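Summary of the model geometry
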Amino acid sequence: MNNHSLAPWPGELAPREKLLRDGAAALSDVELLAIFLRTGFPGVHVMSRAEQLLRQFGSLHRLVSADYAQLCAQKGVGDATYSQLSATSELAFRCFSSRLTQEDALLNPQVTRNYLQSLLTHREREVFLVLLLDNQHRVLRHQEMFAGSISSVVVHPREIVREALKANAAAIILAHNHPSGRAEPSLADRQITEQIVNACQLLEIRVLDHLVIGRGECVSFAERGWL
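Okay, so let's go over this structure. (Residues numbered from 1 in each chain as written. Predicted model: local features only at pLDDT ≥ 70, side-chain atom pairs only at ≥ 80, totals over all residues. Heavy atoms only, no water.)

**Side note on a nonpolar patch on the surface**
Spelled out, the test is: Each patch groups residues whose relative accessible area exceeds 30% and which form no salt bridge, using 9 Å between like charges and 5 Å between nonpolar side chains of Val, Leu, Ile, Met, Phe, Trp and Tyr. Shrake-Rupley sampling with a 1.4 Å probe provides the accessible areas, and residues are treated as covered by the protein chains on show and by no other component. We define a salt bridge as a contact between a side-chain nitrogen of Lys or Arg and a carboxyl oxygen of Asp or Glu at a distance within 4 Å. In this scheme, a residue with accessible area under 20% of its type's maximum is buried, one over 50% is exposed, and one in between is partly exposed, where area comes from a 1.4 Å probe on protein chains only.
Side chains of L19, L20 and L32 sit close together on the surface and give an oily, nonpolar patch of about 260 Å² of accessible area. Its relative accessible area of 30% is what places L19 among the partly exposed residues.

**Section: the side chain of H176**
Cut-off, in case you're wondering: Starting at the N terminus, helices and strands are each numbered in turn, a helix being any DSSP run of H or I of at least four residues and a strand any DSSP run of E of at least two. Residues adjacent in sequence count toward polar contacts only when both atoms are side-chain atoms; beyond that, a polar contact is any pair of N or O atoms within 3.5 Å, and within protein one must be able to donate a hydrogen and the other to accept it.
Its location among the elements puts H176 in strand β3 (residues 171–177). For H176, a relative accessible area of 1% corresponds to the buried category. Side chain to side chain, H176 and H178 meet in a polar contact 3.1 Å long. One polar contact links H176 to D189, side chain to side chain, over a distance of 3.2 Å.

**A look at the pairing of strand β1 (residues 127–133)**
The side chains of a regular strand alternate between the sheet's two faces. The following threshold applies: Being paired, for any two strands, means DSSP has found at least two bridges between them.
Burial analysis of β1 places 7 of its 7 residues in the buried class, which makes it a mostly covered element. The antiparallel pairing of β1 with strand β2 (residues 139–147) creates a hairpin that spans 5 residues between the two strands, and H137 there sits at a positive phi of about 65 degrees. In this sheet, β3 lies alongside β1 in antiparallel orientation, the contact comprising 6 bridges. Residue pairing across strands places L133 opposite A171, the latter belonging to β3.

**Examining the environment of H178**
This is how the line gets drawn: When checking whether two residues touch, look at their non-hydrogen atoms; a contact exists if any pair is within 4.5 Å.
Along the chain, H178 falls in the loop between β3 and α9 (187–201). For H178, a relative accessible area of 12% gives the class buried. For H178 and E124, which are 54 residues apart along the polypeptide, the C-alpha to C-alpha distance reads 8.7 Å. Setting aside residues no more than four positions away along its own chain, H178 makes contact with E126, A183, E184, P185, D189, V212, I213 and G214.

**Focus: the environment of R141**
You can see R141 is positioned in strand β2. Note: C-alpha distance between R141 and V130 (11 residues apart in sequence) is 8.6 Å. Once residues lying within four places of it in the same chain are set aside, the contact partners of R141 are V130, L131, L132, E163 and A167. A distance of 2.6 Å separates the side chain of R141 from the side chain of Q143, its partner in a polar contact.

Just distances and angles here, no functional claims.
In structure tokens form, the structure reads like this:
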């Protein structure tokens, strides 16, 4: 085994051995990425390589979501690594999507959050979307309704109601991102949510939640008692 492979980081258990002993959830982002990369390059241990990539992109999600030009501009990253990272991202997205179409979204709130985070965390401008649900709270589809600037988005409740009727949805979950990274809802977020709830009530469409997605965090209106 060469000195830039998955050999143990000085003083620590090798990531693969740690995974087998403690499970994947016990690994840091650097360790997970190191297992994926498998090797560094001459003079650079794979853990250092993983740290450099995460530092360059700012987070694991931004790394996996990066486009071809951004990724392949990094030393040691070529078509194979880009293809694997893109496939991994799409695999995770389809996994969350598949579970949501088969299960009650309210009974699996973490899956719902993961799904929405995969859709919104990397977006550089505010995007407001709606999960359209059937009467068993299974996801029919998601619909990106409005896009705005880096700090705001204009939302029209009437358009949301129209989309819900078109899909024959019995309930909806609202979601939007805060590109600043802070998920704390603003007063405007609360006001537009109230308007959407009032519009939907007229047609007996339930608004189950509004999730605000930040960088690594998520705020639920339902959990705050605001719905």
